[in-house]
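Descriptive structure summary
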Amino acid sequence: MSLNVAIQMDPIERIRIAGDTGFALMLEAQARGHTLYTYTPDKLSMRDGKVTAPMRPVKVRDVEGDYFTAGTEEKVDLSGLDVVLLRQDPPFDMAYVTTTHMLERIHPKTLVVNDPTSVRNAPEKILVTHFPELMPPTLITRDRAEIEAFRDEHGEIVMKPLYGHGGATVFKTSKTDPNFGSLFDLFSNLFREPWVVQGFIKEVTEGDKRIILIDGKAAGAVNRVPAVGDLRANMVRGGAARPTDLSKQELAICEAIGPTLRERGLLLVGIDVIHGKLTEINVTAPTGVRAIKKLGGPDLAAQLFDVIETKRGR
């Protein structure tokens, strides 16, 4: 029996299908005979407890420049759907948080992937701190004195905004960096949130491994190697995707965090591991599924829909 599947996403006209995990999920859903709808998060409405959005039925195809056909927009009650895939990109701001409050009104009768309450309560750079024994030295603060003391202790550090994404505004500094004061002032004015400050892992030049977990189990991975002259391995920042296998240490990390992910209803998760150290747990709209398959790895979209169909009784 087919499912009615809606994808809450950024405008489909603007996605880059070559690396878009949400698009991979749409292709898989359609191949299984499920009906697809798309809508953007700004279109959500809640009236007297009922959550609705104007949606377009869509057909998708893996053809660059001609990858979807959309039907006529219609207002849909989300409680009548079988599945909603939460796939819009961060920033994880109050607009994003508000959508999770709306979506939790329909979950789990309508299965929302990932669980909206857990997405709201487990930002990627905070959920990871539940596992300090798996992480590099990490500080979360806005306080300059705390950052300077941490920098004095560890020498080279990496700083990034707590709710940043895609490798944006990540920088490395050291005890002798004359630009630190200016950078601190600049970022204090740009962001109200704290920073995540971590001891620099020099082995990042060998790769920042993205590991995908499905329903709490390690399912596949890609090694992202930074471009020359850049410490960021994110593929949207020029990182190169390389095939990889999981080490015993990386498998142990997945086994350690898996039960927490399952308990929280986080069915599709991407973690970042550098030289055996866990740096982030990505739950909002994790990427990497298409890259893993293109490099000869498993079809993770199919694995996720196996789980979704099981949970929907299909």
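Cut-offs and rules
Residues numbered from 1 in each chain as written. Predicted model: local features only at pLDDT ≥ 70, side-chain atom pairs only at ≥ 80, totals over all residues. Heavy atoms only, no water. Helix = DSSP H or I, 4+ residues; strand = E, 2+ residues; numbered from the N terminus. Rg over C-alpha atoms; globule rule 2.2 N^0.38 Å. Contact = heavy atoms within 4.5 Å. Areas by Shrake-Rupley, 256 points an atom, 1.4 Å probe, with all protein chains shown as cover. Lys, Arg positive; Asp, Glu negative; His and termini not counted. Charge placed at Lys NZ, Arg CZ, Asp CG, Glu CD. Axes fitted to C-alpha atoms, helices over the stretch in contact; angles between N-to-C directions. Parallel < 35°, antiparallel > 145°, perpendicular 65-115°, else oblique. Left-handed = near helix turned anticlockwise from the far one by under 90°. Core = buried A, V, L, I, M, F, W, Y, C linked by side-chain atoms within 4.5 Å. Buried < 20%, exposed > 50% of the residue type's maximum accessible area, 1.4 Å probe, protein only. Pairing = 2+ DSSP bridges. Salt bridge = Lys/Arg side-chain N within 4 Å of Asp/Glu carboxyl O. Polar contact = N/O pair within 3.5 Å; in protein donor to acceptor, adjacent residues only side chain to side chain. Phe/Tyr/Trp six-rings, centres within 6.5 Å; stacked < 30°, edge-to-face > 60°.

**Regarding the overall build of the protein**
A tally of regular secondary structure across the protein gives nine helices and 17 strands. Computed over its C-alpha atoms, the radius of gyration of the protein comes to 20 Å, within 12% of the 20 Å expected for a compact globule of 314 residues. By its C-alpha atoms, the protein is 60 × 45 × 40 Å across when sized along the principal axes. Partitioning the contacts of the protein with sequence separation of at least 6, the portion at a separation of at least 24 is 66%. Of the roughly 14300 Å² of accessible surface on the protein, 49% is carried by carbon and sulfur atoms. Taken as two groups, the 40 positive and 42 negative side-chain charges of the protein have centres that lie 3 Å from each other.

**Brief notes about the packing of helix α5 (residues 144-154) against helix α6 (residues 180-190)**
Packed helices, taken two at a time, are described by the angle between their axes plus the distance between the axes. Across the interface, α5 lies against α6 with an axial gap of 12 Å and an inter-helix angle of 140 degrees. In terms of orientation, α5 and α6 fall into the oblique class. The hand of the α5/α6 crossing is right-handed. Contact residues: α5 offers R144, I147, E148 and R151, while α6 offers F180, G181, F184 and D185.

**Overview of the nonpolar core**
The nonpolar side chains of soluble globular proteins are, as a tendency, buried together. In this structure, L78, I271 and I281 are the most contacted members of the largest nonpolar core, which totals 40 residues. Looking at this core, the elements that each hand over two or more residues are β2 (35-39), β4 (50-60), β7 (83-86), α2 (94-103), β13 (208-214), α7 (248-263), β16 (268-274) and β17 (277-282). Contact partners of L78, with chain neighbours within four places excluded, come to Y39, L44, V51, T52, A53, M55, V84, L103, I106 and T110.

**Describing the sheet that holds strand β12 (residues 195-199)**
Taken in spatial order, the four strands of this open sheet run β9-β12-β10-β11, and their pairing is antiparallel. Strands at the two margins of the open sheet, each flanked by one partner only, are β9 (138-141) and β11 (171-173). The sheet shows a mean angle of 25 degrees between the axes of neighbouring strands, direction not considered. Direction of pairing for β9 relative to β12: antiparallel, over a ladder of four bridges.

**Regarding the pattern of salt bridges**
According to the stated counting rule, one finds 18 salt bridges in the structure shown. With a shortest N-O distance of 3.2 Å, D299 and K293 are connected by a salt bridge. Each of E28, R32, D306 and E309 takes part in salt bridges that share partners, so that together they form one network.

**Looking at the side chain of N114**
Positionally, N114 belongs in the loop between β8 (111-113) and α3 (116-121). A distance of 3.0 Å separates a polar side-chain atom of N114 from the backbone oxygen of V283.

**A word on the packing of aromatic side chains**
Inspection of every chain in the model, using the stated rule, returns eight aromatic pairs. Note on Y67 and F68: the rings are 5.4 Å apart at their centroids and 50 degrees apart in plane angle, and the pair reads as tilted. For Y67, a relative accessible area of 8% puts it in the buried group. With centroids separated by 5.1 Å and ring planes inclined at 40 degrees, the aromatic side chains of F171 and F187 adopt a geometry described as tilted. With F171 in strand β11 and F187 in helix α6, the pair connects residues that are 16 residues apart, well separated along the chain. A single burial state applies to F171 and to F187, both of which are buried.

**Concerning helix α1 (residues 21-31)**
Counting buried positions over the eleven residues of α1 gives eight, a clear majority of the element. Capping the start of α1 is the job of one residue whose side-chain oxygen sits 3.0 Å from the backbone nitrogen of G22: D20. Of the residues flanking the end of α1, it is G33, one or two places downstream, whose phi is positive at about 90 degrees.

Purely spatial values, then, with no claim about function.
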